[in-house]
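Observations on the three-dimensional arrangement
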Amino acid sequence: MAASIFTAVPRAPPVAVFKLTADFREDGDSRKVNLGVGAYRTDEGQPWVLPVVKKVEQMIANDNSLNHEYLPILGLPEFRANASRIALGDDSPAIKENRIGSVQSLGGTGALRIGAEFLRRWYNGNNNTATPVYISAPSWENHNSVFVDAGFKDIRTYHYWDAAKRGLDLKGLLDDMEKAPEFSIFILHACAHNPTGTDPTPDQWKQIAAVMKRRFLFPFFDSAYQGFASGSLDKDAWAVRYFVSEGFELFCAQSFSKNFGLYNERVGNLTVVGKDADNVQRVLSQMEKIVRTTWSNPPSQGARIVATTLSSPQLFAEWKDNVKTMADRVLLMRSELRSRLESLGTPGTWNHITEQIGMFSFTGLNPKQVEYMIKEKHIYLMASGRINMCGLTTKNLDYVAKSIHEAVTKIQ
């Protein structure tokens, strides 16, 4: 029999976070804890369907006027408009001046990919694969892959995490921006930086914006946690809105996976802010061409849930309350873990646990300590030491804190 034409295809390494979850599922130990998964969990360790989402799903199911016709290529108009509105704010000058546009996408990843594809084709010259793309060190691993797969050849890192002080390396970040070639693209986490949970303060964002404006650098925000980080939609969108107020043209990829709990509905939006309406419309016309050959047009269910919720004052208020419930639980787990580690006298400082924000915390555990946690304690976390605070519950907090204490004490 002839050999397969696919014989030479190498096996790709598994995606780390999904491999971690698979290993967790196969572990028969009753003490096991999954701190790797990038999704919200209740104090019972279960996924949570937001009450407002359940309500809106029922409304959609009972609406006999709806059908399954194709949506426009750029997506559901009321979803796009409302998604961009919560990113930029009701009083956004860009919205008032009609110089924003948006593209419904398959999650935040889809928004990043459409944006990256457009930038490669039409930014800083035509098909300029040599434009440098700067990604924070560390960052969400998909950022690098999305821009590489879009054809960019020069992916660089900018300083972000200061391991020694367990916080932001602002000096290193600003130095990298000063040295970056003009028109370089910078991927910025709008809030709740993944994986470090460390965000610039408003004053630090102002310094970042000043350098980017002077150096003609392009801001591409990734906003995956609006409302989920602090519990406030406005606070979590501060950086994006400040850049808009400073006159930047920019992209902002939005995900509604976390703040609506719609992980498997793949609900995302790419907001485009330009100098004027004509520029934005030309950009959207090209993005429409990219979408046509990527997914042709997007699914409706998740977009309808978000659009219905955001366009009703009553449902919007209910949603904000649901989001605050999730954010408050994360904040509680942060303070509880820190207090336990400090009570145990765990070596090192642990204030970074409560100073960080959002779903993830960069614990400072090294790869050997992480290996000990997984193999000896059956506590699953990323090799970087990143943990999902939602994996902590009132039932497992003591066990996790004692295990971290043991790992730090025993393993250097």
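To keep things clear, this report deals only with the structure shown in the data block. Note on numbering: residues in each chain are counted from 1, in written sequence order. Restriction of local features to residues with pLDDT of at least 70 applies here, the model being predicted, together with a cutoff of 80 or more for giving and counting side-chain atom pairs; totals for whole chains, interfaces and linings are based on all residues. Here the side-chain values reflect all heavy atoms present in the structure, with hydrogen atoms and water set aside.

1. With respect to the packing of helix H13 (residues 301–311) against helix H14 (residues 313–344)
Quick note on the threshold: Each axis is a line fitted through C-alpha atoms, taken for helices only over the stretch in contact, and angles between the N-to-C directions span 0 to 180 degrees. Strands are runs of DSSP state E lasting at least 2 residues, helices are runs of H or I lasting at least 4, and numbering of each runs from the N terminus. Angles below 35 degrees are treated as roughly parallel, those above 145 as roughly antiparallel, those between 65 and 115 as roughly perpendicular, and all remaining angles as oblique. In this description, contact between two residues means that some pair of their heavy atoms is separated by no more than 4.5 Å. As a working rule, the residues Ala, Val, Leu, Ile, Met, Phe, Trp, Tyr, Cys and Pro are called nonpolar, Asp, Glu, Lys and Arg charged, and the rest polar, with Gly in that last group.
Contact pair H13 / H14: the axes reach a minimum separation of 5 Å and the direction vectors enclose 105°. The pairing of H13 with H14 is recorded here as roughly perpendicular in orientation. Counted together, Thr308, Thr309, Leu310 and Ser311 of H13 and Pro313, Leu315, Phe316 and Trp319 of H14 form the full contact between these two elements. Taken together, the residues that form the contact of H13 with H14 break down as 5 nonpolar, 3 polar and no charged.

2. Remarks on the environment of Gly115
Here Gly115 shows up in helix H5 (residues 107–122). Considered as a pair, Gly115 and Thr157 are 42 residues apart in the sequence and their alpha carbons are 19 Å apart.

3. So, the sheet that holds strand S9 (residues 250–255)
Just so we agree on the cut-off: When DSSP locates at least two bridges between a pair of strands, those strands are taken to pair.
The 7 strands lie next to each other as S2-S10-S9-S8-S7-S3-S4, forming an open sheet whose pairing is mixed. The sheet is open, and its two borders are formed by strand S2 (100–106) and strand S4 (155–159), each paired with just one other strand. Strand-to-strand twist of the sheet, defined as the mean angle between neighbouring strand axes without regard to direction, takes the value 25°. As paired elements, strand S7 (residues 185–189) and strand S8 (residues 218–223) share 5 bridges and run parallel to each other. Bridge pairing in S8 links Ile185 to Phe218.

4. Here's the deal with the side chain of Ser296
Threshold: For the exposure calls, accessible area comes from a 1.4 Å probe over protein chains only, and a residue counts as buried if that area is under 20% of its type's maximum, exposed if over 50%, partly exposed in between. Polar contacts, as used here, are pairs of N or O atoms within 3.5 Å; protein pairs need one atom able to donate a hydrogen and one able to accept it. Residues neighboring in sequence count only if both atoms are side-chain atoms.
By the secondary structure assignment, Ser296 is in the loop between helix H12 (277–292) and H13. A relative accessible area of 18% means that Ser296 is categorised as buried. For Ser296, the side chain forms a polar contact with the side chain of Arg292, separated by 2.3 Å. With sequence-adjacent residues up to four places away left out, Ser296 is seen in contact with Ile73 and Val291.

5. Quick word on helix H2 (residues 51–61)
Applied cut-off: For this quantity, the arc is that covered by the directions from the helix axis to the C-beta atoms.
Where H2 is concerned, the buried positions are Val52, Val53, Val56 and Ile60. Looking down the long axis of H2, one finds its buried residues gathered within 95° of arc, a one-sided arrangement. Away from its buried face, by an angle of more than 90 degrees, H2 presents the exposed residues Lys54 and Ala61.

6. Some words on the pairing of strand S3 (residues 133–137)
Quick reminder of the rule: Handedness of a crossover is defined as follows: with both strands directed away from the viewer, a clockwise route from the first strand across the helix to the second makes it right-handed.
The element S3 is extensively covered by neighbouring structure, given that 4 of its 5 residues are classed as buried. With 5 bridges joining them, S3 and S4 adopt parallel strand pairing. Across the sheet, Ser136 pairs through a bridge with Tyr158, a residue of S4. Viewed along the sheet, the connection from S3 through helix H6 (residues 141–149) into S4 turns out right-handed. Sheet analysis places S3 next to S7, joined by 2 bridges and oriented parallel.

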